[in-house]
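# Understanding the architecture of this molecule
Single-letter residue listing:
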Amino acid sequence: MRPVDVLTVTEVRDVTPTVRRVVLTGTQDAVAAAGPTVSLLVPRVDDPTPNWPGIARDGRIVWPTGAHGVSLRSYTARRQDAAVGEVEIDFVLHGDGPAAAWAAAARPGALLGVAGASPLGERPAGHLLLAGDETALPAITRILTAAGPGTRGLALLEVADAAEEQVVPAPAGVEVRWLHRDGTPPGESTLLADAVAALDRPGGDDLFAWVAAESAAVRAIRADLRGRWGLGRAAHHAIGYWRRGRAMSPSQ
Ligand SMILES: Cc1cc2nc3c(=O)[nH]c(=O)nc-3n(C[C@H](O)[C@H](O)[C@H](O)COP(=O)(O)OP(=O)(O)OC[C@H]3O[C@@H](n4cnc5c(N)ncnc54)[C@H](O)[C@@H]3O)c2cc1C
């Protein structure tokens, strides 16, 4: 068993009223291993130096017995620079839950553990459909940044209102379309699903759809893309990033 990698906050800034960007530093290996999707070990706000779990040889988390003060949550490294030893993570300050509370209280010197990482699930294609809410913006930004200059397609981005829009670099052939909830609480709007339902399937087979948002919205979009667009498993990746009214895992 090995100890978890622990990253240290160096900078905290608000990029929009509800998105807080946290810059963390660590060893080159720890930073290289912290993404693109990263399983974070989030300490309780009132216990910033918790009893960290360990990581078994097969990657399993080995939790200490008894209370440990750590919650496991999935996030996205918006940017990773192993040479500089820096990772950037954008936290939505949604007002509830240990990760949002940790981000709201984060200051330079605060610690976060890294329990593992996984791919974003995207695949390069000539035509991309990307659909997500603010929790998926870091992943969609990474996908669009890596997309070839000739990529065509559409990114549908649902946020609270105009103040939540961010600069999203995209190839010239990809339209970035913002959808505003304008007062509808997150997880209760059908904006993303309605926008996808209004799209005709683009011609050709060089097509990939990537979708992440609240689970119910993702379920509706996944069904539409599989049914109406006839997309097979290799042509889409659609997963719920959070569940309305439910924590992602129990907290201790
Ligand atoms: C692969 C993956 C990558 C992700 N990347 C990011 C990322 O880069 N940035 C990011 O902010 N999130 C990201 N998320 C989503 C994040 O993991 C969830 O929002 C998670 O629930 C936050 O944990 P928490 O401890 O704050 O809240 P939890 O304890 O999980 O939930 C507490 C309450 O808050 C509600 N809630 C959770 N998230 C939201 C939300 N966004 N808006 C409104 N209510 C909410 C829940 O429904 C629940 O009622 C990602 C999720 C996955 C699966």
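All of the points below concern the structure found in this document.

## Points about the environment of Ala82
Locating Ala82 in the fold gives a position in the loop between strand S7 (70–81) and strand S8 (86–92). Along the sequence, Ala82 and Leu207 sit 125 residues apart, while their C-alpha atoms lie 32 Å from each other. When near neighbours in sequence (up to four residues on either side) are disregarded, Ala82 contacts Gln28, Val31 and Ala32.

## Let's talk about the site of the ligand
With respect to spatial proximity, 25 residues lie near the ligand, and among them Arg73, Ser74, His94, Arg243 and Gly245 are the closest. Between the ligand and Arg73 there is a distance of 2.8 Å, counted from an oxygen atom to a side-chain nitrogen or oxygen. Between an oxygen atom of the ligand and a main-chain N or O atom of Ala100, the distance comes to 2.9 Å. Notes on the ligand: free accessible area 920 Å², of which the protein chains cover 91%. Mapped onto the shell around the ligand, the elements with two or more residues apiece are S7, S8, helix H2 (98–105) and strand S14 (236–242). When residues in the shell around the ligand are grouped by element, the largest group, four residues, is from S7. Among the residues forming the shell around the ligand, the class breakdown is 12 nonpolar, seven polar and six charged.

Definitions and limits used
Residues numbered from 1 in each chain as written. Predicted model: local features only at pLDDT ≥ 70, side-chain atom pairs only at ≥ 80, totals over all residues. Heavy atoms only, no water. Helix = DSSP H or I, 4+ residues; strand = E, 2+ residues; numbered from the N terminus. Contact = heavy atoms within 4.5 Å. Near = heavy atom within 4 Å. Polar contact = N/O pair within 3.5 Å; in protein donor to acceptor, adjacent residues only side chain to side chain. Areas by Shrake-Rupley, 256 points an atom, 1.4 Å probe, with all protein chains shown as cover. Nonpolar A, V, L, I, M, F, W, Y, C, P; charged D, E, K, R; others polar.

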